[in-house]
Structures are given as structure tokens and as C-alpha cells.
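Structure at a glance
So you can see what is in the structure, the chains are spelled out below.
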Amino acid sequence: MTPSLARQIESPVRRLRLRVRGAVQGVGFRPFAYQLARAMRLSGFVLNDSAGVLIEIEGRDANHFPEAVRTQAPPLARIDSIDVLELVPAGGERFEILESLGGRSATRIGADAATCDGCRRELTDPASRFFGYPFVNCTHCGPRFTITRALPYDRAQTSMASFPMCRTCAADYVDPENRRFHAEPVACPNCGPRLSHPIKEISARLEGGAIVALKGVGGFHLLCDARNDGAIGLLRLRKARDQKPFAVMVRDIEAARQLARPNEAEEALLISPARPIVLVAARAGELSGLIAPGLTRVGLMLAYAPVHHLLLDELSRSSPHCHAALVATSANPGGEPLVADNDDAGRRLVAIADLVVTHDRDIVVRADDSVMQVIDGAPAFIRRARGFVPEPVDLGADGPSVIATGADLKNTICVTRGREAFLSQHIGSLDNAEAIRFQREVIAHLCSILDVKPEFAACDLHPDFRSVRTAEGLNLPIVPVQHHLAHVAAVVAEHRLSGPVLGLALDGHGFGTDGTSWGGEIVVIDHHRWQRAGSLMPLPLPSGDRAAREPWRMGVAALQAAGRIDLAPQLWPGHSGVTQLTAMFSRSMRTPVTSSLGRLFDAAAAIAGVRLVQDYEGQAAMEFEALVRAPRCLAGGYSIGDGTLDFRPLILHLAEQGRLCGADAADVFHGTLIAGLADWAARGAAARGTRQVALGGGCMMNRVLAAGLARALRERGLEPSLPRLAPANDGGIALGQAAYARQVIMNEHASIEENRTCA
């Protein structure tokens, strides 16, 4: 018997139907299936429908096809599930790509993706029709989310609708052997969008020290030479951004290695299709010291749009011995949302930029650059936006559709559909009319591209939050969710933890159920039930919100709470504010109190002489973290009683040691904090018979604290979970609100059904 005959006997003809769900439309999935089926000599068809991609294949190797689909899928595809059904063989000789079927959609649009290697080669190939074209793309790269108005995802529903394809692009579009098959943004210099200024002119202006506003994928960047102190200082002056760090864009990973010391995990993030900004250890002297004052890490990103590649290539030609590096910061004057419209740029950016560079492809929905870092060996978000939105979080089970309106700082929106939660791009602080308008745009757009009408709304408890007003204006039943409960619930949801989970919610401020300011809490969650099971020892909060901007106030308040306010004049001699506040405390002034770990960080940073006044949120804590060398625990630096964790002994140690300063103070503070929090959590977990600990809140963006705490908990036999799919800060609040609200709603529904049955 010949080998071929033996294979025919062993492998009968089978016909399989595959239902592929996930981000599988607009990413080259149909031509991939077509080419794979032909290579395996299978007949059948593939088509897009409302649920994703439907494939039927028939042949002797049909049983190997599903695994090949799973392991060899296109680079931008995200497969959630593949359901396989065996059918009766129907015969046939060909494999075809059939027309898409309509209906209510359960699929999703892919995120924007960085220029792929194939398009990058064409961009620099004089023989290619895409040579030097700033908008080259294919099914493996290019804009998706930011150019799409509504489902279904096809050219007519995108901002490319106004650019009819030329004959050559149209031929590529319908050729299943071409990687531009059904690439909706496909275009070339003959038929596509155009840049307002030539690359050589933009490059020359940047080399001359100018500030350039450049329209990209999700909005405008403000660019300048990252080694030019004068240009960076002018940008800070014009943008009114005195010290908050800027991001830096470079051409490739080799340039990133010259400017910084990325580790393997950080490099993987830098070169990923999402191309986020990644915080990495900076190399001294390679960039201007004005980029990230007081910090040891710099936010780096690699070029991700064709225009970035062209610009950085041109700059590199001008200075071949030095990798080009550009400050690339969001163009959003005065804390307003990112500028994305040409006319808007003409109004809002002319006072900042010396040159405004536009193009004529509209940005339908703006999206900032995502910002990430590596914590405890894995990626973590600081800001989640371009490159990741609208990828969902799998909640593990179907449930009602909920829209959550987030917090007032770092606002995001979350919409659930079935078992998926879709967290919006970063919106920002809801403290101006533009931001509130942007929030409304995001709600409308997200619901449109998901083809969903929410049934319930979730929001914060704070009575004065604008995000709460937004929820109330949706005319839906509302489920309020306490701020710190939402922080922990977000971690529980993304890790799909079940049963009792002990959560540490560690952040700056949140409105508690008792009306006070919380921020260092033990929260226990068990499905729809929760309780506050402990907190940090509350400290006075003099002058309310001003204390968050002026850490010296928290330093004085912490000394007052520790019974040693007499040390304040010694620590800050001649400081009129300290003198006045000390006198007010001596007259038994009553102030609000807060259990916030963020405010404890501020107090310690002020006492250690790191920072007395903050230019931006979290500056004191970030600069304090940057000083850490080797965390060490102070013996007796904390106490625990009745569920309360008290760090007043640590504060007194910092103050009484003739001001324990700089790295010494940072090491002792972080080390004692880690030990105390781990001890506190271990006791709480043991009392409730759980090993699961969820770590949430803005303080979990402190890499030293988060990694050290996770490690300490594992050493105690516990199972810590850190935020990975959503930011630990208020940017992840909406996810927690939505997930917890669903638990409440489903429990109430189950109770109603049970009562009906019993009746």
C-alpha cells in the first residue's frame, strides 16, 4: 500500500463549520482563511456576518484546520472563541470568499495598529507606488477605531468614504491574494489623503528649534527636538506645563536602546502593534533634563504612523551620528481634551505651535497615546487609549448591558455587551466644557460601534461629581458604586476572581459611604456583597483639596496626628504657611480627615524634603519613588489594631532623625509601607478564609510599592492580583463600576425570580 493511499484510508473526508468570534473583521481574516484552505487543499467558503467570521471547510485534512486557524491567525486578529460543528460532506472543488451577511452585530472593530514591516518597506522603496506616502496601510496595520463612525466596519462608515479608490487600489482591495484585500483605509498618492506640508519642511523647522503641531492617527502631537533645552522650555511655557514629564518618540528599538535601558518586557511593549508610550530607565545625558525633571524614567514610544517614520528618517539623514528624538506630547492646551480637528487646531494650537501640519483624513474619534509600564514582570496601564481601545475585558459570563460613567479625574466610560466590557479611551478630567463634550461623543460612539443600547447606568457615590450628572442624564436605572469598591471590583472582574476576595484600595481620594474621604481601605467583595473591613489611620486634611496640591500641609497634619507638631518649625523654618497652620492646630482647629495613602505619601515626601508644592498630580510621590534604591523596613514602623493600619511611627522616624532625607527616606518609607500593607492584608485574608488579594487604586502605579507588595503577599502564601487590562488609577474605575453593578442587577433579578417561583 502506498503512503498516499494509506493517508486517504486513515483520513476520511470531513466537513466542518467554524464560528470564529473576536476581533476578526477588518484584519485580513478572510484572505487568511482562503489561503490556508487552499494550502491544505480544502473546499468550502468564508464570510463575515454579525457574529464574526463563519467558515465551512471540507476535505481530508479538515480536522487540522481549526488549530491552524488558532495558531496562525493574522497579527491583528484577536480570537475569543472557535466553535466547531461537524456537517455532512457536500462536495465541491473550490474555496470561496462569499459576501458578508448583515444583522445585529456581535463582533467589534479592531484597535489602531502601527505601520507593519511590509508597509514600512514600501514606504522606503523607490519602486513602490507607496514610496514616501504618509498614509500607507494594509490589513495588518493602520487606523481602525479612530476613523470608524459606525458598524458595519466598511469604507462607507469610515472617514475614508470621501476618498474613492483609484483603479490600482481597487484591484488590491478585491484580490484575496493581496494583503490589502478589504483593507478599508487603503489609498495611495493618486487617490488618498494628503499632508499639508512636505516632510522636508517639517524636519527643517524642528531642526531649527521650532514647535510643530502634527496631526496623526488619534489627534495632534506637539513636537520639538528632545535635545533642545530652548525648544522644550518654550513648549513648557506656551503649554503652561511647568514640570509634568513629556513623552519622547524615536524611530526604532535601536534608538530606544541608545536613549534608555529597556528590559526585555519593556522592549516587547515598545515594538508591539499598539506602540504605547512605555516608561523605561533613562540613560544620563542622552536627552534634555527638561523632559522629566526629578524622575529617573522617561516615557518612550516608537514611530507608529507612516508620517512619523518619514519624519524621523529625514531627521536621521540630517544627523547620521545621532538617533533623532522628538518630544511628542498630546496637543491639548489648558488641560482640555486632545485636539483632533483641523479647524480646531487652527484655533487652539496657533498660540503654542510655530507650524501646524494637518491632513485631510478626518479623525472620527480622538484617542491619546496609551501609556504603560512593567510592574512585577508584566505590563500595566497608566493610560489606556490608542492601540488598545476597543479591545474588551472578558467578564466570564453574560449579563445585562451596563454603561458606567467613571470618575471625574482620568475619566473613561465602560459599556458591557454580553460577557464583554468595553472600556473607552482616556477622556481626562471633567473640569471643563470641552471634556464634558468629549465624554458625550465617546458615549455615543462607543454605543454605536458596539450596536448596543445600555439597560442600566453605574456611577460614583460622590454627590458633586460631573460623571454622576452624566449617568443621571441617561434616563436609565442607576446603580451607585463606591469609589474604592470600584477600584477593587475592576481587578476582580479582569482576573475573574470568585468567592470572597480581599481588596486593598490605595489611592488619593474617594467619597466614602460615611461621607468622609477614603483612600487606604480593605474592601471585601463576594459577588454582589461587599464591606469595608479596615482602613489606614485617618489623618487631618487641612484645607481640603489644597492639601493634595501642597504636600507641606499633609506633612504638618501628619505630625499633628502623631503628637509632634512641635517638629514642624524645625523641618520647615521660616515657612509662613507652616507657622500659620501650626498655630491653627494649636487652637484645636477641626478639619476633615482622610484615610488616603496618597496623602500619606505627600506627608512623607514633604517631611523628607522631596517636595512641598506639586506642579501636577502625584508629583511628590513620583519623585519620592524615583529616589528608591533598596527598600528596607523600619522595625516598629507601623502598628495594626481593630483593622486599622497606623504608620505614625514611620512618620515620626522620618521627622525625628534630623530629617531623614533623599534615598534613605525613600528606602525606609517604601520598605515599611510594603511590610505594613502585606501584614495588614494577610491578617484580613486569614480572618475571612481567603487567599485572594486584589490590589487597586492609583498608588498601585508606584512600581516599587506594587511589585514589592505583590512579592510580600506571595511570600505569605497569598495570591495577589494587580490591574493589567485597565489602569490602576481612576482610568479603571468605570470597569469596576460596570462589573459590580452587573452583579447587583443579576442578584436582584435572581431574587425576584426566586420569589415568583416560591409564590
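This report concerns the structure included in the present document. Note on numbering: residues in each chain are counted from 1, in written sequence order. The model is predicted, so local features are restricted to residues of pLDDT at least 70 and side-chain atom pairs to those at 80 or more, both for listing and for counting; the totals for chains, interfaces and linings are taken over all residues. Excluding hydrogens and water, the side-chain values take into account all heavy atoms of the structure.

1. Topic: the packing of helix α2 (residues 29-39) against helix α3 (residues 65-72)
Each pair of packed helices gets described by two things: the angle between the helix axes and the distance between those axes. In this analysis an axis means a line fitted to C-alpha atoms, helices contributing only their contacting stretch, and an angle means the value between N-to-C directions, from 0 to 180 degrees. A run of DSSP states H or I qualifies as a helix once it reaches four residues; a run of E qualifies as a strand once it reaches two. Both are numbered from the N-terminal end. At a minimum axis separation of 11 Å, α2 and α3 run at an interaxial angle of 135°. With respect to each other, α2 and α3 are oriented oblique. In terms of crossing hand, the pair formed by α2 and α3 is right-handed. Contacts between α2 and α3 involve Phe-29, Phe-32, Ala-33, Leu-36 and Ala-37 from the former and Phe-65, Ala-68, Val-69 and Gln-72 from the latter. Under the scheme applied, nonpolar residues are Ala, Val, Leu, Ile, Met, Phe, Trp, Tyr, Cys and Pro; charged residues are Asp, Glu, Lys and Arg; polar residues are all the others, including Gly. Looking at the contact of α2 with α3, its residues break down into 8 nonpolar, 1 polar and no charged. For this classification, under 35 degrees means roughly parallel, over 145 means roughly antiparallel, 65 to 115 means roughly perpendicular, and everything else is oblique. By convention the crossing between two helices is left-handed if the near helix lies anticlockwise of the far one by an angle smaller than a right angle, and right-handed if it lies clockwise. Any pair of residues with heavy atoms lying within 4.5 Å of one another is described as a contacting pair.

2. Remarks on a negative patch on the surface
Each patch groups residues whose relative accessible area exceeds 30% and which form no salt bridge, using 9 Å between like charges and 5 Å between nonpolar side chains of Val, Leu, Ile, Met, Phe, Trp and Tyr. Areas reported here follow the Shrake-Rupley algorithm with a probe of radius 1.4 Å; residue values treat only the protein chains shown as occluding. Any Lys or Arg side-chain nitrogen located within 4 Å of an Asp or Glu carboxyl oxygen qualifies as a salt bridge. His is not counted, nor are the chain ends; Lys and Arg add positive charge and Asp and Glu add negative charge. By convention, charge coordinates are those of NZ in Lys, CZ in Arg, CG in Asp, or CD in Glu. Taken together, the side chains of Asp-341, Asp-343, Asp-360 and Asp-362 define an acidic patch exposed on the protein surface. As for its placement among the helices and strands, Asp-362 is situated in the loop between β12 (355-357) and β13 (371-375).

3. Here's the deal with the side chain of Glu-521
Looking at where Glu-521 falls in the secondary structure, it is placed in strand β22 (residues 517-526). Only 2.6 Å separates the side chain of Glu-521 from the side chain of Arg-532, close enough to count as a polar contact. In this structure, Glu-521 is in contact with His-484, Gly-503, Leu-504, Ala-505, Leu-506, Arg-532, Gly-534, Ser-535, Ser-595 and Trp-680, ignoring residues within four places of it in sequence. Under this definition, polar contacts are N or O atom pairs within 3.5 Å; protein pairs additionally need one hydrogen-donor-capable and one acceptor-capable atom, and for neighbouring residues in sequence, both atoms have to be side-chain atoms.

4. Things to note about the pairing of strand β11 (residues 325-330)
In regular strands, side chains alternate between the two faces of the sheet. Type-normalised accessible area, obtained with a 1.4 Å probe on protein chains alone, sets the label of each residue: buried when under 20%, exposed when over 50%, and partly exposed for intermediate values. In terms of burial, β11 is a largely internal element, 6 of the 6 residues being buried. Here 3 bridges tie strand β8 (residues 247-250) to β11, and the two strands are oriented antiparallel to one another. By the bridge assignment for β11, Met-249 is matched with Leu-326. Pairing between strands is defined by DSSP: at least two bridges between them are needed.

5. Some words on the pairing of strand β23 (residues 529-536)
One ladder, built from 6 bridges, connects β22 with β23; its direction is antiparallel. Bridge assignment links Ile-525 to a residue of β23, and that residue is Trp-530. In sequence, β22 turns back onto β23 through a hairpin of 2 residues, with His-527 there showing a positive phi of about 60°. Across 2 bridges, the pairing between β23 and strand β27 (residues 644-646) is parallel. If you follow Ser-535 over to β27, its bridge partner there is Thr-644.

6. Let's talk about the layout of surface pockets
Detection works on a 1 Å grid of protein atoms alone, calling trapped sets that fit a 1.4 Å probe cavities and calling open sets with protein on both sides within 12 Å along at least five of seven lines pockets, with lining residues defined by an atom within 4 Å of a point. Grid points are joined across faces, edges and corners, and a volume is the space filled by probe spheres set on the points. One number sums up the size of the second largest pocket: a volume of about 700 Å³. In this structure, the second largest pocket is lined by 30 residues; those nearest its centre are Asp-80, Arg-108, Pro-392, Asp-394 and Glu-420. No other element matches the 4 residues that strand β4 (residues 78-87) contributes to the lining of the second largest pocket. Classifying every residue of the lining of the second largest pocket gives 11 nonpolar, 5 polar and 14 charged.

7. Brief notes about the environment of Gly-209
Following the sequence through the fold, Gly-209 ends up in the loop between α6 (199-207) and β6 (212-215). You can call Gly-209 buried: its relative accessible area is 18%. In the structure, Gly-209 is positioned 308 residues away from Ser-517 in sequence and 46 Å away in space, judged by C-alpha atoms. Apart from residues no more than four positions distant in its own chain, Gly-209 is found in contact with Asn-228 and Ala-231.

8. Focus on empty space enclosed by the protein
Picture a little ball the size of a water molecule; that probe, rolled over the atoms, points out where space is still empty. Enumeration over the complete set of coordinates arrives at 5 cavities of 30 Å³ or more. Counted as a void, the largest cavity has a volume near 190 Å³. Together, 21 residues line the largest cavity, and Pro-143, Val-217, Ala-305, Pro-306 and Arg-361 are the ones closest to its centre. Considering only residue class, the lining of the largest cavity consists of 12 nonpolar, 5 polar and 4 charged. A volume near 110 Å³ is recorded for the second largest cavity.

9. Topic: helix α19 (residues 597-607)
With 11 of 11 residues buried, α19 is to be regarded as a mostly interior element. Residues Leu-597, Gly-598, Arg-599, Leu-600, Phe-601, Asp-602, Ala-603, Ala-604, Ala-605, Ala-606 and Ile-607 constitute the buried set of α19. If you check the start of α19, you find a side-chain oxygen 3.1 Å away from the backbone N of Gly-598, and it comes from Ser-596. Positive phi shows up at Gly-609, right after α19, with a value of about 75°.

10. Quick notes on helix α12 (residues 433-450)
Owing to its 3.6 residues per turn, the α-helix brings residues three or four apart onto one side. Under the 1.5 Å per step criterion, the end-to-end length of α12 is 26 Å for 18 residues, consistent within 8% with the ideal 26 Å. Burial in α12 covers these residues: Ala-435, Phe-438, Gln-439, Val-442, Ile-443, His-445, Leu-446, Cys-447, Ile-449 and Leu-450. The inward-facing, buried residues of α12 contact β16 (402-404), β17 (414-417), β18 (420-423) and α13 (466-472). Of the residues that open α12, the one with a side-chain oxygen 3.2 Å from the backbone nitrogen of Glu-434 is Asn-432. Taken from the residues just after α12, Asp-451 is the one with a positive phi, measuring 55°. By this rule the span expected of a helix is its residue count minus one, scaled by 1.5 Å.

11. Structural notes on the nonpolar core
Among the nonpolar cores identified, the biggest contains 72 residues, and Leu-504, Leu-597, Phe-624 and Leu-677 are the most heavily contacted of them. When residues of this core are assigned to their parent elements, the largest contribution, 11 residues, is made by helix α22 (residues 662-687). Sequence-distant contacts of Leu-504, that is, excluding residues within four places in its chain, are made with Val-488, Glu-521, Ile-522, Leu-677, Trp-680, Ala-681, Ala-694, Leu-695, Gly-696 and Leu-709. If you look at the next biggest cluster of nonpolar residues, it comprises 60 residues, including Ile-403, Cys-459, Ala-694 and Ile-745. Only buried residues count toward a nonpolar core. Its members are Ala, Val, Leu, Ile, Met, Phe, Trp, Tyr and Cys residues joined through side-chain atoms within 4.5 Å.

12. Brief notes about the packing of aromatic side chains
Pairs were defined over the aromatic rings of Phe, Tyr and Trp, the Trp ring being its six-membered one, requiring ring centres within 6.5 Å. Orientation was assigned from the angle between planes: stacked under 30 degrees, edge-to-face over 60, tilted for the rest. Taken as a whole, this structure holds 7 aromatic pairs when the rule is applied. By way of ring pairs, the aromatic residues Phe-601, Phe-624 and Phe-669 are connected into one cluster. Lying across the ring of Phe-381, Arg-384 places its NZ or CZ 5.7 Å from the centre. The ring of Tyr-304 has Arg-386 sitting right over it, with the charged end atom 3.5 Å from the ring centre. A positively charged side chain is recorded as over a ring if its NZ (Lys) or CZ (Arg) lies within 6 Å of the ring centre. The angle to the ring normal must also be within 35 degrees.

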